[in-house]
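Examining the three-dimensional arrangement
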Amino acid sequence: MPTLPQASSEPWPIAAKAAPLVDPFGREINYVRVSVTDRCDMRCVYCMSEDMNFLPKRDLLSLEELDRLCSAFILRGVHKLRITGGEPLVRRNIMSLFRALSRHLESGALSDLTLTTNGSQLADHAAELAAVGVRRLNLSLDTLDPAKFRAITRWGDHARVMAGVDAAQKAGVSVKINMVALQGVNDQEIAPMLEWAHGRGMDLTLIEVMPLGKIEAERADQFLPLSLVEARLKERYTLDEIDYRTGGPARYVRVAETGGRLGFITPLTHNFCEGCNRVRVTCTGTLYMCLGQEDAADLRAPLRASTSDRLLHQEIEAAIARKPKGHDFIIDRGQTAPAVARHMSVTGG
Ligand code: SAM
Ligand code: SF4
């Protein structure tokens, strides 16, 4: 199997390179999410329209360039890397990127190499992901009902995803289930999902739908505030606040009856920006300093302009220096334009 070349080394003062990335609000950026493709083998109704236009392949960063980009961030103190998409496991030869990045786990520079996946290809890759050092992953699953799963994902195969969950657990990779709460679609399935996930030793995180990209459905019809979900769950379960953090935006409780953890990601009802430690890079090398804002920096040009990483570091520093304080998502009935034009599959979840 091919391995990717190491990131370039160039004459540049180590002290300058190693300076951590701190934004104007004093937040240290130590977590990067990298979308390795905008393509996907599903078409979830809240994420994409059915006839999505994808980027031409020539616009994408090569796996070598993605490795170089990630390595530049790691040099600046990023110790958590999440590979996402689109569906990351549909990108051809993606395992070579995981294999290459695992050197940063071995060196100790990276503490966590993880991914977010829809699980469709996971059965084929779980063992190798575990072998290169992926200890945990997020798997998106909005229902346990195969027919409803098909309706939500349009193209997804529930059985394949279940096989993916089995394979990941068998390989010793810890799985967290991400479930987008959808009004009138899966609101009755939150308790069953919780029982199922906790019964298999998996955390469950609920996510509020965010107004990202144009889709066929009306966002206001999909939106289910998690404050409401939590209140309903409290009628049935004891939810104890806990101090558990994963480096992401979720707030966790422990469910006394199941012993498992339940997370809430509430960008709409409770803005989580004050503790934001992350930035996102798309598969074309566009750096977004905030999921909910349009401002971005092009990292592909400096990557391709020279084999030295000097320009790349300069561009990253300039971008972090203008990371905004936060997003201002709102979902209002009758509001036609999404808060942000790009889909979640572009920026990566
Ligand atoms: N394809 C992979 C998956 O589904 O896990 C990774 C990419 S997907 C964009 C990442 C996460 O974003 C998934 O958990 C998905 O449910 C979530 N997501 C997509 N669109 C969303 C939206 N508009 N609001 C909230 N979450 C969204
Ligand atoms: Fe694909 Fe993930 Fe978006 Fe669903 S949420 S369409 S699986 S990228």
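Below: a short report on this structure.

Overview of helix 2 (residues 63-75)
With 13 residues, helix 2 should reach 18 Å at 1.5 Å per residue; the first-to-last C-alpha distance of 18 Å fits that figure. Burial analysis of helix 2 places eleven of its 13 residues in the buried class, which makes it a mostly covered element. Just beyond helix 2, the residue with positive phi is Gly-77, at close to 100°.

A word on the site of ligand 2
Around ligand 2, a shell composed of Cys-40, Met-42, Arg-43, Cys-44, Cys-47, Met-48, Gly-86 and Asn-118 is seen. Residues of the shell around ligand 2, tallied by class, amount to five nonpolar, two polar and one charged.

Description of the sheet that holds strand 7 (residues 239-241)
With respect to topology, twelve strands assemble into an open sheet ordered 7-8-9-6-5-4-3-2-1-10-11-12, the strand pairing being mixed. The open sheet is flanked by strand 7 and strand 12 (296-298), the only strands paired with a single partner. The mean inter-strand angle of the sheet, taken between neighbouring strand axes irrespective of direction, is 25°. Pairing of strand 5 (residues 174-181) with strand 6 (residues 203-208) involves six bridges; the strand directions are parallel. Bridging across to strand 6, Asn-178 finds its partner in Thr-205. Packed on one face of the sheet, helix 7 (residues 190-199) meets strand 5, strand 6, strand 8 (251-255) and strand 9 (261-265) and runs near 150° to strand 6. Across the sheet, helix 9 (residues 226-234) is in contact with strand 5, strand 6, strand 7, strand 8 and strand 9; its angle to strand 6 comes to roughly 140°.

Some thoughts on the site of ligand 1
Ligand 1 sits among 19 residues. The nearest are Tyr-46, Gly-86, Thr-117, Ser-140 and Met-210. Taking Thr-117, its main chain carries an N or O atom lying 3.2 Å from an oxygen atom of ligand 1. In the model, an oxygen atom of ligand 1 is placed 2.5 Å from a nitrogen or oxygen of the Ser-140 side chain. Protein coverage of the free-state accessible area of ligand 1, which is 540 Å², stands at 96%. Sorting the residues of the shell around ligand 1 by element identifies strand 3 (112-117), strand 5 and strand 6 as the ones contributing at least two each.

Considering the packing of aromatic side chains
In the structure shown here, the tally under the stated rule is one aromatic pair. Between Tyr-244 and Tyr-252, the aromatic rings sit 4.9 Å apart at their centres with planes inclined by 80°, giving edge-to-face as the arrangement. Looking at Tyr-252, the relative accessible area reads 1%, which means it is buried. The ring of Tyr-31 carries Lys-80 above its face, with NZ or CZ at 4.4 Å from the centroid. Positioned above the aromatic ring of Tyr-244 is the side chain of Arg-261, whose terminal nitrogen or guanidinium carbon lies 3.7 Å from the ring centre.

The rules behind these values
Residues numbered from 1 in each chain as written. Chains lettered and ligands numbered in written order. Predicted model: local features only at pLDDT ≥ 70, side-chain atom pairs only at ≥ 80, totals over all residues. Heavy atoms only, no water. Helix = DSSP H or I, 4+ residues; strand = E, 2+ residues; numbered from the N terminus. Expected span 1.5 Å × (residues − 1). Buried < 20%, exposed > 50% of the residue type's maximum accessible area, 1.4 Å probe, protein only. Near = heavy atom within 4 Å. Nonpolar A, V, L, I, M, F, W, Y, C, P; charged D, E, K, R; others polar. Pairing = 2+ DSSP bridges. Axes fitted to C-alpha atoms, helices over the stretch in contact; angles between N-to-C directions. Contact = heavy atoms within 4.5 Å. Polar contact = N/O pair within 3.5 Å; in protein donor to acceptor, adjacent residues only side chain to side chain. Areas by Shrake-Rupley, 256 points an atom, 1.4 Å probe, with all protein chains shown as cover. Phe/Tyr/Trp six-rings, centres within 6.5 Å; stacked < 30°, edge-to-face > 60°. Lys NZ or Arg CZ within 6 Å of the ring centre and 35° of its normal.

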